[in-house]
Amino acid sequence: MKAITRFAPSPTGYIHIGNVRSAIYPYLVARQTDGKMILRIEDTDRERYVEGATELIEDTLKWLGLDWDEGPIIGGDNGPYFQSERLEIYHAWVKKLLDSGRAYADPTPAEKIDEYRRECTEKKIPFLYRNFRPENPPEWEPGMPIRFKSEPKEYSWTDAVMGEMHTGPEVLDDIILIKRDGYPTYNFAHIVDDAEMGVTHVMRGVEYLSSTPNYLALYEAFGLERPVLVSLPHILAPTGNKKLGKRDGAKSVTEYRDDGVLAEAMLNYLACLGWNDGTEQEIYTKEELVKHFSIDKIQTSGARYDETKLLWMNGQWIRRIFDEQGARALYDRTVGFWPESAENYDEEYRIKVLSIIYDRLKVLSDLREMTTYFFEDPEVNVSMIAENKFLKKLSEAEIEDLLKKTITKLSGVTEWNADNLQIALNELLEETERKPAELFSLIRLSISFAPFSPALNLTLDVLGREVSLARLNAAARSI
RNA sequence: GGUUCCGUCGUCUAGUGGUCUAGGACGUCUGGUUCUCAUCCAGAAAAUCGCGGGUUCGACUCCCGCCGGAAUCACCA
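Predicted, not measured: the structure shown is a model, and the values here were computed from it.

## Quick look at the confidence of the model for chain A
Here chain A averages 94 in pLDDT, and 100% of its residues register 70 or above. The complex prediction reports pTM at 0.94, with the ipTM value standing at 0.95.

Following this line, the structure appears as C-alpha coordinates:
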(Lines give C-alpha, C1' and ligand atoms only; values in the text may rest on other atoms or scores of the structure.)
Protein backbone atom coordinates (compact mmCIF):
# COMPACT_ATOMS: atom_id res chain seq x y z
CA MET A 1 0.00 0.00 0.00
CA LYS A 2 1.36 3.37 -0.97
CA ALA A 3 1.31 5.54 2.10
CA ILE A 4 0.54 9.20 1.89
CA THR A 5 1.95 10.86 4.96
CA ARG A 6 2.45 14.40 6.05
CA PHE A 7 4.43 16.60 8.34
CA ALA A 8 2.24 19.47 9.47
CA PRO A 9 4.13 21.92 11.65
CA SER A 10 3.00 25.31 12.86
CA PRO A 11 5.22 28.17 11.82
CA THR A 12 5.88 29.28 15.37
CA GLY A 13 9.65 28.92 15.42
CA TYR A 14 12.45 26.55 14.65
CA ILE A 15 12.22 22.78 14.58
CA HIS A 16 14.01 21.29 17.55
CA ILE A 17 15.22 17.86 18.49
CA GLY A 18 11.99 17.13 20.30
CA ASN A 19 9.78 17.46 17.28
CA VAL A 20 11.67 16.43 14.16
CA ARG A 21 10.80 12.82 14.59
CA SER A 22 7.27 13.59 13.50
CA ALA A 23 8.82 14.58 10.19
CA ILE A 24 11.31 11.73 9.93
CA TYR A 25 8.95 8.82 10.53
CA PRO A 26 6.27 9.93 8.06
CA TYR A 27 9.01 10.49 5.53
CA LEU A 28 10.39 7.00 6.02
CA VAL A 29 6.96 5.44 5.67
CA ALA A 30 6.19 7.40 2.51
CA ARG A 31 9.47 6.46 0.89
CA GLN A 32 9.43 2.81 1.78
CA THR A 33 5.97 2.35 0.31
CA ASP A 34 6.75 4.47 -2.72
CA GLY A 35 4.04 6.82 -1.52
CA LYS A 36 4.00 10.54 -0.97
CA MET A 37 5.19 12.90 1.70
CA ILE A 38 3.26 16.13 2.10
CA LEU A 39 4.43 19.22 3.91
CA ARG A 40 1.57 21.31 5.20
CA ILE A 41 1.91 24.50 7.17
CA GLU A 42 -0.65 24.84 9.93
CA ASP A 43 -0.78 28.57 10.35
CA THR A 44 -4.27 29.08 11.70
CA ASP A 45 -3.11 30.69 14.90
CA ARG A 46 -2.33 34.19 13.80
CA GLU A 47 -1.11 35.23 17.22
CA ARG A 48 1.63 32.68 17.43
CA TYR A 49 2.71 33.05 13.84
CA VAL A 50 6.40 33.80 13.50
CA GLU A 51 7.73 35.50 10.41
CA GLY A 52 10.31 33.34 8.68
CA ALA A 53 9.43 30.19 10.58
CA THR A 54 8.25 28.43 7.44
CA GLU A 55 11.62 28.97 5.84
CA LEU A 56 13.30 27.66 8.96
CA ILE A 57 11.21 24.51 8.75
CA GLU A 58 11.92 24.00 5.07
CA ASP A 59 15.59 24.59 5.67
CA THR A 60 15.71 21.98 8.41
CA LEU A 61 13.91 19.35 6.35
CA LYS A 62 16.12 19.94 3.35
CA TRP A 63 19.25 19.68 5.41
CA LEU A 64 18.15 16.35 6.85
CA GLY A 65 17.40 15.14 3.34
CA LEU A 66 13.67 14.87 3.98
CA ASP A 67 12.25 16.02 0.67
CA TRP A 68 8.52 16.36 0.22
CA ASP A 69 6.36 15.59 -2.81
CA GLU A 70 3.72 18.18 -2.19
CA GLY A 71 3.88 21.36 -0.20
CA PRO A 72 5.33 24.85 -0.12
CA ILE A 73 7.85 25.76 -2.82
CA ILE A 74 7.05 22.81 -5.04
CA GLY A 75 3.24 22.91 -4.94
CA GLY A 76 1.09 19.90 -5.82
CA ASP A 77 -2.41 18.87 -6.83
CA ASN A 78 -3.96 19.27 -3.41
CA GLY A 79 -2.84 22.77 -2.52
CA PRO A 80 -2.73 25.29 -1.17
CA TYR A 81 -0.48 23.93 1.55
CA PHE A 82 -0.85 26.78 3.96
CA GLN A 83 -3.99 26.42 6.02
CA SER A 84 -4.50 30.16 6.08
CA GLU A 85 -5.11 29.93 2.34
CA ARG A 86 -7.71 27.18 2.66
CA LEU A 87 -10.40 29.03 4.56
CA GLU A 88 -13.10 28.52 1.93
CA ILE A 89 -12.47 24.80 2.04
CA TYR A 90 -13.02 24.62 5.78
CA HIS A 91 -16.14 26.72 5.51
CA ALA A 92 -17.52 24.48 2.79
CA TRP A 93 -16.89 21.42 4.95
CA VAL A 94 -18.35 22.91 8.08
CA LYS A 95 -21.44 23.85 6.13
CA LYS A 96 -22.09 20.15 5.52
CA LEU A 97 -22.13 19.66 9.26
CA LEU A 98 -24.29 22.72 9.84
CA ASP A 99 -26.76 21.45 7.27
CA SER A 100 -26.92 17.97 8.72
CA GLY A 101 -27.34 19.32 12.24
CA ARG A 102 -24.00 18.04 13.46
CA ALA A 103 -22.61 21.50 14.10
CA TYR A 104 -24.00 24.72 15.45
CA ALA A 105 -23.12 28.35 15.71
CA ASP A 106 -22.46 29.27 19.29
CA PRO A 107 -23.57 32.72 20.47
CA THR A 108 -22.43 32.15 24.05
CA PRO A 109 -20.10 34.93 25.19
CA ALA A 110 -16.68 33.94 26.48
CA GLU A 111 -17.45 35.15 30.01
CA LYS A 112 -20.42 32.83 30.16
CA ILE A 113 -18.27 29.88 29.18
CA ASP A 114 -15.76 30.74 31.88
CA GLU A 115 -18.63 30.75 34.31
CA TYR A 116 -19.71 27.27 33.25
CA ARG A 117 -16.19 26.07 33.65
CA ARG A 118 -15.86 27.54 37.12
CA GLU A 119 -19.13 25.96 38.10
CA CYS A 120 -17.84 22.53 37.14
CA THR A 121 -14.54 23.05 38.85
CA GLU A 122 -16.33 23.94 42.07
CA LYS A 123 -18.55 20.90 41.87
CA LYS A 124 -15.49 18.84 40.95
CA ILE A 125 -17.12 17.43 37.89
CA PRO A 126 -15.55 17.34 34.43
CA PHE A 127 -16.35 20.36 32.32
CA LEU A 128 -18.15 19.21 29.21
CA TYR A 129 -19.45 21.94 26.98
CA ARG A 130 -22.13 19.72 25.55
CA ASN A 131 -23.93 19.96 28.90
CA PHE A 132 -24.28 23.69 28.33
CA ARG A 133 -25.16 23.53 24.68
CA PRO A 134 -27.38 26.52 23.70
CA GLU A 135 -30.87 25.29 22.96
CA ASN A 136 -31.78 27.27 19.91
CA PRO A 137 -28.53 28.09 18.15
CA PRO A 138 -28.86 31.00 15.75
CA GLU A 139 -27.90 31.09 12.08
CA TRP A 140 -24.16 31.34 11.78
CA GLU A 141 -22.74 34.75 11.15
CA PRO A 142 -19.16 35.96 11.11
CA GLY A 143 -17.72 36.58 14.53
CA MET A 144 -19.39 33.51 15.99
CA PRO A 145 -17.59 30.22 16.60
CA ILE A 146 -18.96 26.99 15.24
CA ARG A 147 -18.97 23.91 17.42
CA PHE A 148 -19.34 20.25 16.67
CA LYS A 149 -22.48 18.68 18.07
CA SER A 150 -21.08 15.60 19.73
CA GLU A 151 -22.92 12.37 20.35
CA PRO A 152 -21.37 10.79 23.41
CA LYS A 153 -20.53 7.14 23.04
CA GLU A 154 -17.72 4.68 23.39
CA TYR A 155 -14.94 4.44 20.87
CA SER A 156 -12.46 1.74 20.06
CA TRP A 157 -9.66 2.07 17.64
CA THR A 158 -6.22 0.80 16.90
CA ASP A 159 -3.21 2.99 17.27
CA ALA A 160 -0.37 1.59 15.21
CA VAL A 161 2.06 2.19 18.05
CA MET A 162 -0.04 2.05 21.22
CA GLY A 163 -2.24 -0.80 20.16
CA GLU A 164 -5.91 -1.30 20.93
CA MET A 165 -7.52 1.78 22.42
CA HIS A 166 -10.83 2.21 24.13
CA THR A 167 -12.54 5.22 25.69
CA GLY A 168 -15.88 6.03 27.21
CA PRO A 169 -18.37 8.74 26.25
CA GLU A 170 -16.98 11.21 28.79
CA VAL A 171 -14.14 12.22 26.50
CA LEU A 172 -16.38 13.47 23.72
CA ASP A 173 -17.36 17.08 23.64
CA ASP A 174 -18.57 19.89 21.44
CA ILE A 175 -15.19 21.00 20.20
CA ILE A 176 -14.75 24.26 18.36
CA LEU A 177 -14.50 23.79 14.61
CA ILE A 178 -14.31 27.37 13.44
CA LYS A 179 -13.01 30.04 15.74
CA ARG A 180 -14.52 33.45 16.27
CA ASP A 181 -11.97 34.88 13.84
CA GLY A 182 -13.18 32.59 11.08
CA TYR A 183 -10.06 30.39 11.15
CA PRO A 184 -10.49 26.68 11.80
CA THR A 185 -9.03 25.01 14.86
CA TYR A 186 -6.34 22.38 14.47
CA ASN A 187 -8.88 19.80 15.56
CA PHE A 188 -11.04 20.52 12.57
CA ALA A 189 -8.60 21.72 9.94
CA HIS A 190 -6.36 18.67 10.02
CA ILE A 191 -9.31 16.35 9.52
CA VAL A 192 -10.41 18.26 6.45
CA ASP A 193 -6.92 18.61 5.03
CA ASP A 194 -5.96 15.00 5.59
CA ALA A 195 -9.15 13.92 3.84
CA GLU A 196 -8.70 16.31 0.94
CA MET A 197 -5.07 15.43 0.53
CA GLY A 198 -5.65 11.71 0.75
CA VAL A 199 -3.45 11.19 3.79
CA THR A 200 -3.40 7.53 4.77
CA HIS A 201 -1.18 7.68 7.86
CA VAL A 202 -1.59 10.33 10.50
CA MET A 203 1.64 10.33 12.47
CA ARG A 204 1.95 12.78 15.32
CA GLY A 205 3.00 13.09 18.94
CA VAL A 206 1.14 11.18 21.67
CA GLU A 207 -0.30 14.39 23.02
CA TYR A 208 -3.04 13.96 20.44
CA LEU A 209 -3.95 10.51 21.64
CA SER A 210 -6.51 11.77 24.14
CA SER A 211 -8.22 13.91 21.52
CA THR A 212 -8.50 11.04 19.09
CA PRO A 213 -12.08 10.03 20.00
CA ASN A 214 -13.20 13.51 19.01
CA TYR A 215 -11.42 13.11 15.69
CA LEU A 216 -13.05 9.73 15.25
CA ALA A 217 -16.44 11.37 15.78
CA LEU A 218 -15.58 13.87 13.09
CA TYR A 219 -14.51 11.19 10.61
CA GLU A 220 -17.79 9.50 11.31
CA ALA A 221 -19.89 12.63 10.89
CA PHE A 222 -18.27 13.20 7.51
CA GLY A 223 -18.49 9.56 6.51
CA LEU A 224 -14.73 9.46 6.18
CA GLU A 225 -12.60 6.37 6.43
CA ARG A 226 -10.23 6.47 9.39
CA PRO A 227 -6.61 6.84 8.43
CA VAL A 228 -3.95 4.75 10.14
CA LEU A 229 -3.36 6.51 13.43
CA VAL A 230 0.18 6.57 14.71
CA SER A 231 1.10 8.12 18.05
CA LEU A 232 4.74 8.99 18.48
CA PRO A 233 6.03 8.95 22.07
CA HIS A 234 7.78 12.02 23.30
CA ILE A 235 11.46 12.64 23.41
CA LEU A 236 12.32 13.44 26.99
CA ALA A 237 14.59 16.20 28.23
CA PRO A 238 18.04 15.11 29.53
CA THR A 239 16.86 15.65 33.09
CA GLY A 240 13.47 15.24 34.64
CA ASN A 241 10.63 13.37 33.02
CA LYS A 242 9.21 16.09 30.87
CA LYS A 243 9.10 16.03 27.14
CA LEU A 244 11.92 17.91 25.53
CA GLY A 245 10.84 21.39 24.60
CA LYS A 246 12.29 24.77 23.90
CA ARG A 247 11.95 25.63 27.56
CA ASP A 248 14.44 22.90 28.40
CA GLY A 249 16.86 24.51 26.02
CA ALA A 250 16.07 22.13 23.19
CA LYS A 251 18.39 23.30 20.48
CA SER A 252 17.15 23.77 16.97
CA VAL A 253 18.15 21.07 14.55
CA THR A 254 20.03 23.53 12.42
CA GLU A 255 22.06 24.69 15.39
CA TYR A 256 23.67 21.27 15.40
CA ARG A 257 24.34 21.60 11.71
CA ASP A 258 26.13 24.87 12.40
CA ASP A 259 28.21 23.16 15.08
CA GLY A 260 29.34 20.58 12.59
CA VAL A 261 27.01 17.68 13.17
CA LEU A 262 26.45 15.76 9.95
CA ALA A 263 22.91 15.42 8.63
CA GLU A 264 23.46 11.67 8.34
CA ALA A 265 24.31 11.41 12.02
CA MET A 266 21.42 13.57 13.09
CA LEU A 267 18.93 11.58 11.04
CA ASN A 268 20.44 8.31 12.20
CA TYR A 269 20.37 9.25 15.86
CA LEU A 270 16.87 10.69 15.85
CA ALA A 271 15.40 7.83 13.86
CA CYS A 272 16.86 5.33 16.31
CA LEU A 273 15.73 7.22 19.39
CA GLY A 274 12.69 5.23 20.26
CA TRP A 275 12.85 2.90 17.33
CA ASN A 276 14.85 -0.25 16.78
CA ASP A 277 14.48 -2.84 14.08
CA GLY A 278 15.28 -5.72 16.40
CA THR A 279 18.85 -6.18 15.19
CA GLU A 280 22.01 -4.86 16.75
CA GLN A 281 22.73 -2.41 13.99
CA GLU A 282 23.40 1.12 15.20
CA ILE A 283 24.54 2.98 12.13
CA TYR A 284 21.97 3.40 9.38
CA THR A 285 22.09 5.38 6.16
CA LYS A 286 18.93 7.12 5.08
CA GLU A 287 18.37 4.37 2.52
CA GLU A 288 18.76 1.69 5.17
CA LEU A 289 16.30 3.48 7.39
CA VAL A 290 13.81 3.63 4.56
CA LYS A 291 14.29 -0.07 3.99
CA HIS A 292 14.16 -1.26 7.59
CA PHE A 293 11.80 1.16 9.26
CA SER A 294 8.52 -0.16 10.53
CA ILE A 295 5.86 1.54 12.59
CA ASP A 296 5.22 -1.44 14.82
CA LYS A 297 8.78 -1.31 16.12
CA ILE A 298 8.36 2.21 17.41
CA GLN A 299 8.75 2.30 21.18
CA THR A 300 5.67 2.94 23.29
CA SER A 301 7.43 4.86 26.03
CA GLY A 302 9.25 8.16 25.80
CA ALA A 303 12.95 8.19 25.01
CA ARG A 304 15.45 10.42 26.69
CA TYR A 305 17.53 12.64 24.49
CA ASP A 306 21.23 11.91 24.96
CA GLU A 307 23.51 14.35 23.23
CA THR A 308 26.59 12.30 24.09
CA LYS A 309 25.36 9.47 21.94
CA LEU A 310 24.53 11.85 19.12
CA LEU A 311 28.10 13.11 19.24
CA TRP A 312 29.46 9.59 19.27
CA MET A 313 27.36 8.79 16.25
CA ASN A 314 28.61 11.91 14.53
CA GLY A 315 32.18 10.74 15.06
CA GLN A 316 31.23 7.42 13.53
CA TRP A 317 29.78 9.17 10.52
CA ILE A 318 32.78 11.45 10.08
CA ARG A 319 35.05 8.41 9.94
CA ARG A 320 32.68 6.49 7.78
CA ILE A 321 32.53 9.22 5.18
CA PHE A 322 36.29 9.55 5.16
CA ASP A 323 36.86 5.80 4.93
CA GLU A 324 34.21 5.05 2.35
CA GLN A 325 34.01 8.19 0.27
CA GLY A 326 37.47 9.56 0.73
CA ALA A 327 39.19 12.60 2.15
CA ARG A 328 37.80 14.86 -0.51
CA ALA A 329 34.21 13.96 0.31
CA LEU A 330 34.73 14.69 3.98
CA TYR A 331 36.60 17.86 3.13
CA ASP A 332 33.65 19.15 1.13
CA ARG A 333 31.59 18.97 4.30
CA THR A 334 34.07 21.00 6.33
CA VAL A 335 33.68 24.30 4.55
CA GLY A 336 33.20 27.02 7.13
CA PHE A 337 34.59 25.03 10.02
CA TRP A 338 38.28 25.83 9.60
CA PRO A 339 40.21 28.41 11.57
CA GLU A 340 40.47 31.76 9.81
CA SER A 341 44.13 31.40 9.06
CA ALA A 342 43.38 28.30 6.99
CA GLU A 343 42.30 30.61 4.20
CA ASN A 344 45.96 31.28 3.46
CA TYR A 345 46.46 27.68 2.43
CA ASP A 346 45.17 25.75 -0.53
CA GLU A 347 42.70 22.92 -0.47
CA GLU A 348 45.34 20.29 -1.04
CA TYR A 349 47.05 21.28 2.18
CA ARG A 350 43.80 21.46 4.13
CA ILE A 351 42.85 18.01 2.90
CA LYS A 352 46.19 16.71 4.16
CA VAL A 353 45.53 18.24 7.55
CA LEU A 354 42.04 16.76 7.58
CA SER A 355 43.41 13.35 6.68
CA ILE A 356 45.55 13.13 9.77
CA ILE A 357 43.13 14.75 12.19
CA TYR A 358 39.70 13.50 11.16
CA ASP A 359 39.54 10.58 13.55
CA ARG A 360 39.77 12.99 16.46
CA LEU A 361 36.72 15.02 15.45
CA LYS A 362 33.45 14.74 17.28
CA VAL A 363 31.95 17.69 15.44
CA LEU A 364 33.38 19.43 12.41
CA SER A 365 33.80 22.68 14.30
CA ASP A 366 36.48 20.96 16.39
CA LEU A 367 38.67 21.75 13.40
CA ARG A 368 38.76 25.35 14.49
CA GLU A 369 40.60 24.65 17.73
CA MET A 370 42.42 21.52 16.74
CA THR A 371 44.22 22.64 13.62
CA THR A 372 45.40 26.19 14.17
CA TYR A 373 49.06 25.23 14.43
CA PHE A 374 48.92 23.86 10.91
CA PHE A 375 48.11 27.31 9.60
CA GLU A 376 50.01 29.69 11.81
CA ASP A 377 53.15 29.43 13.87
CA PRO A 378 52.23 28.75 17.46
CA GLU A 379 53.45 31.07 20.14
CA VAL A 380 56.46 29.50 21.80
CA ASN A 381 55.42 28.50 25.28
CA VAL A 382 58.46 27.25 27.21
CA SER A 383 56.44 26.40 30.28
CA MET A 384 54.52 23.77 28.33
CA ILE A 385 57.80 21.96 27.85
CA ALA A 386 59.05 22.65 31.36
CA GLU A 387 55.86 21.37 32.94
CA ASN A 388 55.36 18.35 30.73
CA LYS A 389 55.27 15.22 32.85
CA PHE A 390 57.96 13.50 30.77
CA LEU A 391 60.16 16.53 30.30
CA LYS A 392 60.17 18.25 33.64
CA LYS A 393 62.98 16.04 34.89
CA LEU A 394 65.29 17.12 32.09
CA SER A 395 67.54 20.13 32.48
CA GLU A 396 67.40 23.05 30.10
CA ALA A 397 70.75 22.03 28.70
CA GLU A 398 69.52 18.53 27.98
CA ILE A 399 66.46 19.88 26.25
CA GLU A 400 68.43 22.27 24.16
CA ASP A 401 70.81 19.49 23.22
CA LEU A 402 67.96 17.18 22.26
CA LEU A 403 66.38 19.87 20.13
CA LYS A 404 69.65 20.53 18.33
CA LYS A 405 70.18 16.88 17.61
CA THR A 406 66.65 16.67 16.29
CA ILE A 407 67.22 19.61 13.99
CA THR A 408 70.41 18.11 12.66
CA LYS A 409 68.79 14.72 12.17
CA LEU A 410 65.68 15.98 10.43
CA SER A 411 67.68 18.34 8.26
CA GLY A 412 69.33 15.26 6.87
CA VAL A 413 66.10 13.69 5.72
CA THR A 414 66.42 13.85 1.97
CA GLU A 415 62.90 13.02 0.97
CA TRP A 416 60.48 14.53 3.49
CA ASN A 417 57.66 12.04 3.92
CA ALA A 418 55.96 10.18 6.74
CA ASP A 419 57.90 6.94 6.29
CA ASN A 420 61.30 8.56 6.12
CA LEU A 421 60.48 10.77 9.05
CA GLN A 422 59.55 7.77 11.12
CA ILE A 423 62.86 6.13 10.24
CA ALA A 424 64.76 9.27 11.21
CA LEU A 425 62.80 9.55 14.42
CA ASN A 426 63.59 5.96 15.33
CA GLU A 427 67.29 6.48 14.63
CA LEU A 428 67.23 9.58 16.78
CA LEU A 429 65.70 7.55 19.56
CA GLU A 430 68.62 5.12 19.43
CA GLU A 431 71.27 7.78 19.10
CA THR A 432 70.04 9.87 21.99
CA GLU A 433 69.10 6.87 24.09
CA ARG A 434 65.95 8.66 25.14
CA LYS A 435 62.55 7.18 25.77
CA PRO A 436 59.91 7.87 23.11
CA ALA A 437 57.87 9.64 25.76
CA GLU A 438 60.65 12.18 26.27
CA LEU A 439 61.90 12.72 22.76
CA PHE A 440 58.57 12.65 20.98
CA SER A 441 56.83 14.82 23.54
CA LEU A 442 59.52 17.42 23.16
CA ILE A 443 59.34 17.48 19.40
CA ARG A 444 55.57 17.39 19.38
CA LEU A 445 55.35 20.30 21.75
CA SER A 446 58.00 22.29 19.92
CA ILE A 447 56.23 22.16 16.62
CA SER A 448 52.65 22.61 17.86
CA PHE A 449 52.49 23.89 21.43
CA ALA A 450 49.11 22.25 21.45
CA PRO A 451 47.70 19.93 24.10
CA PHE A 452 47.48 17.16 21.55
CA SER A 453 48.20 16.45 17.92
CA PRO A 454 48.28 13.54 15.46
CA ALA A 455 51.13 11.05 15.20
CA LEU A 456 54.44 12.89 15.19
CA ASN A 457 55.73 11.75 11.81
CA LEU A 458 52.43 12.61 10.16
CA THR A 459 52.33 16.03 11.72
CA LEU A 460 55.90 16.75 10.63
CA ASP A 461 55.12 15.51 7.17
CA VAL A 462 52.11 17.75 6.71
CA LEU A 463 53.83 20.74 8.22
CA GLY A 464 56.70 20.29 5.78
CA ARG A 465 60.44 20.51 6.19
CA GLU A 466 60.80 24.24 6.23
CA VAL A 467 58.11 24.98 8.79
CA SER A 468 59.06 22.05 11.00
CA LEU A 469 62.70 23.01 11.19
CA ALA A 470 61.90 26.68 11.69
CA ARG A 471 59.67 25.86 14.64
CA LEU A 472 62.24 23.52 16.12
CA ASN A 473 64.82 26.29 15.84
CA ALA A 474 62.51 28.82 17.38
CA ALA A 475 61.89 26.49 20.31
CA ALA A 476 65.59 25.80 20.75
CA ARG A 477 66.38 29.50 20.83
CA SER A 478 63.80 30.10 23.55
CA ILE A 479 65.10 27.54 25.97
C1' G B 1 -9.80 15.46 39.94
C1' G B 2 -11.69 12.72 35.10
C1' U B 3 -9.72 10.13 30.93
C1' U B 4 -5.66 7.71 28.45
C1' C B 5 -0.79 5.96 27.96
C1' C B 6 3.84 4.26 29.83
C1' G B 7 7.42 1.30 33.50
C1' U B 8 14.22 -4.16 31.25
C1' C B 9 21.63 -1.84 33.19
C1' G B 10 22.80 5.73 34.56
C1' U B 11 20.87 6.36 29.10
C1' C B 12 18.93 4.23 24.13
C1' U B 13 17.32 -0.59 23.52
C1' A B 14 16.93 -6.64 22.36
C1' G B 15 13.53 -9.83 24.35
C1' U B 16 6.11 -11.96 22.17
C1' G B 17 6.18 -18.76 28.15
C1' G B 18 11.61 -22.61 28.61
C1' U B 19 17.69 -21.28 24.17
C1' C B 20 17.76 -15.20 29.80
C1' U B 21 23.15 -17.49 35.00
C1' A B 22 18.67 -11.10 30.50
C1' G B 23 21.99 -9.68 24.67
C1' G B 24 23.83 -5.04 22.06
C1' A B 25 25.06 0.29 21.99
C1' C B 26 26.31 5.12 24.49
C1' G B 27 28.59 6.56 28.92
C1' U B 28 32.03 4.92 33.03
C1' C B 29 36.49 2.09 34.48
C1' U B 30 41.04 -1.07 33.22
C1' G B 31 44.70 -2.69 29.69
C1' G B 32 47.01 -2.63 24.63
C1' U B 33 48.17 0.40 20.02
C1' U B 34 56.85 3.24 20.48
C1' C B 35 54.73 10.65 23.16
C1' U B 36 49.79 13.54 23.73
C1' C B 37 44.64 13.55 22.33
C1' A B 38 41.51 10.57 19.63
C1' U B 39 40.49 6.25 16.74
C1' C B 40 40.80 1.10 17.01
C1' C B 41 41.16 -3.55 19.88
C1' A B 42 40.55 -6.46 24.41
C1' G B 43 38.22 -6.64 29.11
C1' A B 44 35.31 -5.03 33.60
C1' A B 45 31.57 -2.93 36.54
C1' A B 46 26.42 -1.93 35.66
C1' A B 47 19.07 -4.34 35.35
C1' U B 48 16.45 -8.96 42.29
C1' C B 49 13.15 -7.14 34.23
C1' G B 50 8.57 -0.80 39.19
C1' C B 51 6.06 -3.66 43.52
C1' G B 52 2.59 -7.54 45.18
C1' G B 53 -0.51 -11.36 43.97
C1' G B 54 -2.25 -15.01 40.63
C1' U B 55 -2.35 -18.53 35.89
C1' U B 56 1.37 -22.33 34.50
C1' C B 57 5.57 -27.90 35.26
C1' G B 58 7.89 -23.09 34.10
C1' A B 59 6.84 -15.68 33.45
C1' C B 60 10.68 -10.16 31.82
C1' U B 61 7.05 -12.32 28.70
C1' C B 62 -0.31 -13.82 30.16
C1' C B 63 -4.16 -11.87 34.08
C1' C B 64 -5.42 -8.73 38.42
C1' G B 65 -4.22 -5.08 42.07
C1' C B 66 -0.96 -1.38 43.71
C1' C B 67 2.86 2.21 43.17
C1' G B 68 5.52 5.56 40.20
C1' G B 69 5.94 8.64 35.78
C1' A B 70 3.69 11.11 31.63
C1' A B 71 -0.07 13.14 28.32
C1' U B 72 -4.70 15.52 27.95
C1' C B 73 -9.11 18.02 29.70
C1' A B 74 -8.05 25.86 25.18
C1' C B 75 -11.86 30.00 20.15
C1' C B 76 -2.79 26.40 20.79
C1' A B 77 -1.35 23.20 17.72
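Let's pick the thread back up.
## Considering the protein's contact with RNA strand B
Taken together, 69 residues surround RNA strand B, and among them Arg180, Tyr186, Ser301, Pro436 and Phe452 come closest. Taken together, the elements giving at least two residues each to the surface near RNA strand B come down to β6 (163-167), α5 (186-197), β11 (303-304), α10 (307-325), α17 (418-432) and α18 (436-448). Split into classes, the residues belonging to the surface near RNA strand B amount to 27 nonpolar, 22 polar and 20 charged.

## Focus: the domain arrangement of chain A
A common way to state how big an interface is: give the accessible area lost once the parts meet. Taken as a whole, chain A is organised into domain 1 (4-82 + 236-304), domain 2 (86-232), domain 3 (326-375) and domain 4 (382-478). One C-alpha centre belongs to domain 2, the other to domain 4; they are set 75 Å apart.

## Brief notes about the environment of Tyr129
Within the element layout of this structure, Tyr129 appears in the loop between α4 (110-123) and β4 (146-148). Judged by C-beta crowding, with 19 C-beta atoms within 10 Å, Tyr129 ranks as partly exposed. The sequence separation of Tyr129 and Val161 amounts to 32 residues, and the corresponding C-alpha distance is 31 Å. Setting aside its immediate chain neighbours within four residues, Tyr129 contacts Asp173 and Asp174.

## Looking at the pairing of strand β8 (residues 201-205)
Judged from the 5 bridges that link them, β8 and strand β9 (residues 228-232) form a sheet pairing that is parallel. Residue pairing for β9: Met203 is matched across the bridge by Val230. Assessed by its sense of winding, the connection that carries the chain from β8 through helix α6 (residues 212-222) to β9 is right-handed.

Rules and cut-offs
- Residues numbered from 1 in each chain as written.
- Chains lettered and ligands numbered in written order.
- Predicted model: local features only at pLDDT ≥ 70, side-chain atom pairs only at ≥ 80, totals over all residues.
- pLDDT = per-residue confidence, 0-100.
- Near = placed C-beta within 6 Å.
- Helix = DSSP H or I, 4+ residues; strand = E, 2+ residues; numbered from the N terminus.
- Nonpolar A, V, L, I, M, F, W, Y, C, P; charged D, E, K, R; others polar.
- Domains from an automatic or database assignment.
- Buried ≥ 20, exposed ≤ 12 C-beta atoms within 10 Å, placed from the backbone.
- Contact = placed C-beta atoms within 7 Å.
- Pairing = 2+ DSSP bridges.
- Right-handed = clockwise from strand over helix to strand, strands pointing away.

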